[in-house]
Amino acid sequence: MPNIRSVAITSLVISFLLVVFSASAQTDSLPPVKDSSGLVFVRIHDITIDGNKKTRRHIILRELTFAQGDTILLNELMRQFEISRNQLQNTGLFNEVVMNIKNWSGDSVDVSVTVKERWYMIPLPTLSLYDRNFNVWWVEHNHDIRWLQFGGRFYQKNLTGRNDELHLAALFGFRQRFEAQYVLPAFDPIQKHGFSISSTYTQSKSITYALDSNKELIYEDVNNYLRKIFETSVDLYYRPKFNYRYTFTLGYKYSSVLDTIAQLNPNYFLNGNTSQQYLYGKVTFVRDFRDITAYPLKGNYLELSASKLGFGLFDDVNIWTATAMFSQYVSVGKKWYVTSQNKLKVSFPEEQPYSMEGGLGYGNDYVSGYEYYAIDGQSFGYTKLNLKNEIFKISLPSSPKNPFTKGAGLPIRMYGRVYIDAGYVRDRTFSENNPVTNTFLLGGGVGIDLVLIYDTTLRFEYSVNKLGEHGLFFHYNTLF
């Protein structure tokens, strides 16, 4: 029977083949340009920046792959422009980035960078879904408004012009959430070190206390909050190069439930406990060579992390976790693209509180066609293979007087897609009466992706799984 090892091996083989294909394609697409004297080089004499009314100059220069005084091969310059433009776009600071050669004198050039900044202060009335995914809420929970949170969020991007962010939220309903976060990507002169600090408090009148037939068993009490969680953490960032980042996290989490939940499932916190607190530490490494973060078409992404939950004064749990993610994006022809997305998570020991388990069926971690199943376990893996074609790409004009867009074009793209997914979840504690757990998962189908502006993707998918079940599913993703 296929297991998590076979899924991991399949993911690595597919990813390796795509890496080889991508490397070959990139090498062949950039032949050297020669004249009578050989290769032609140009020197960057000056870099001018326009349109950055709030963003500080050094923040923009940090994202450029070249600097004043650099000498660059001529046929490489346009490629460096494209990479630099994508990196600036991925900061989320700008609606539009345009790069040009301004002056050319002999072997020296002046480079012009023109940006159109976004509207950075955004208070938003919010209606938020806290179910596992949209499909479960709409079909199995009958789009019950009790699974929605209402309230407000406040986003202040680029607070001091250093690409720093302040996030505040106050959400109400059956589940309440209050959070505050500040992020400063770089605080030192060499712009390689940053930090973030965040705190969150949630309380809920509904709680999933166990699974049966891979469906959630939910208990509700309109008069009492069944679960309360407080969490606070500090992240330190180290970004030695453009595409590399290390994150070191230290946090504290406290959770409590009413006696009723501990009676329904004594293993919710283990041993019938009604509270749980622990310190946790995490190290994350990211290698990111994607062209556009929100919806990449070329490049690759690698993320490795290791964490320890429970140590020091607060150690109600004792869990080690390691996670690896790898995605490859390859152009295989005009408007045709292949992507491979892979993830593997391993944790131990096998006996863990039910509250600490994760798996497939939550957010973006799912195998197509199994969205209605909650598949929990200590370890899981999946691989996704997609072939997509660009159906259309347009840019909607906007008025220069619009304070949000400032005259920038608003890109909208649509892609047709066929896909196949495979996955496996291993659970040695709560797998009884959950038949989809500890089995090979296979699903696939056809879909449409609608990419709005730069941050939001809407995915409409018609999927069928190994069980013969099929249906229309909706997913969305946003960086905002």
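Residues numbered from 1 in each chain as written. Predicted model: local features only at pLDDT ≥ 70, side-chain atom pairs only at ≥ 80, totals over all residues. Heavy atoms only, no water.

With that out of the way, let us pick up the sheet that holds strand β3 (residues 41–50). Pairing is mixed in the open sheet, where four strands are placed in the order β4-β3-β6-β5. Here the strands that pair on one side only, and so sit at the sheet edges, are β4 (71–73) and β5 (94–105). Adjacent strand axes in the sheet meet at a mean angle of 40 degrees when their direction is disregarded. Direction of pairing for β3 relative to strand β6 (residues 108–117): parallel, over a ladder of seven bridges. Of the residues in β6, the one forming a bridge with I47 is V111. Along the sheet, helix α3 (residues 74–90) contacts β3, β4, β5 and β6; its crossing angle with β5, the most-contacted strand, is approximately 155 degrees. (Pairing = 2+ DSSP bridges. Helix = DSSP H or I, 4+ residues; strand = E, 2+ residues; numbered from the N terminus. Axes fitted to C-alpha atoms, helices over the stretch in contact; angles between N-to-C directions. Contact = heavy atoms within 4.5 Å.)

A few words now on the pattern of salt bridges. Applying the stated criterion to the full structure yields 13 salt bridges. The partner of E165 in a salt bridge is K157, and the shortest N-O contact between them spans 2.6 Å. Of the two residues, E165 and K157, neither departs from the other in class, the shared state being buried. E350 is paired through a salt bridge with R426; the nearest N and O atoms lie 3.0 Å apart. Highlighted residues: E350 in the loop between β19 (336–348) and β20 (358–360) and R426 in strand β23 (residues 410–426), separated in sequence by 76 residues. (Salt bridge = Lys/Arg side-chain N within 4 Å of Asp/Glu carboxyl O. Buried < 20%, exposed > 50% of the residue type's maximum accessible area, 1.4 Å probe, protein only.)

Quick look at the nonpolar core now. Among soluble globular proteins, nonpolar side chains are generally buried collectively. Formed by 21 residues in total, the largest nonpolar core has its most connected members in I44, I47, F66, F94, M99, V111 and V113. Listing elements by their share of this core, those giving two or more residues are β3, α2 (57–62), α3, β5 and β6. Sequence-distant contacts of V111, that is, excluding residues within four places in its chain, are made with I44, D46, I47, T48, F66, F81, M99, N100 and K102. Of all hydrophobic cores here, the second largest spans 12 residues; its members include Y209, I261, F269 and F430. (Core = buried A, V, L, I, M, F, W, Y, C linked by side-chain atoms within 4.5 Å.)

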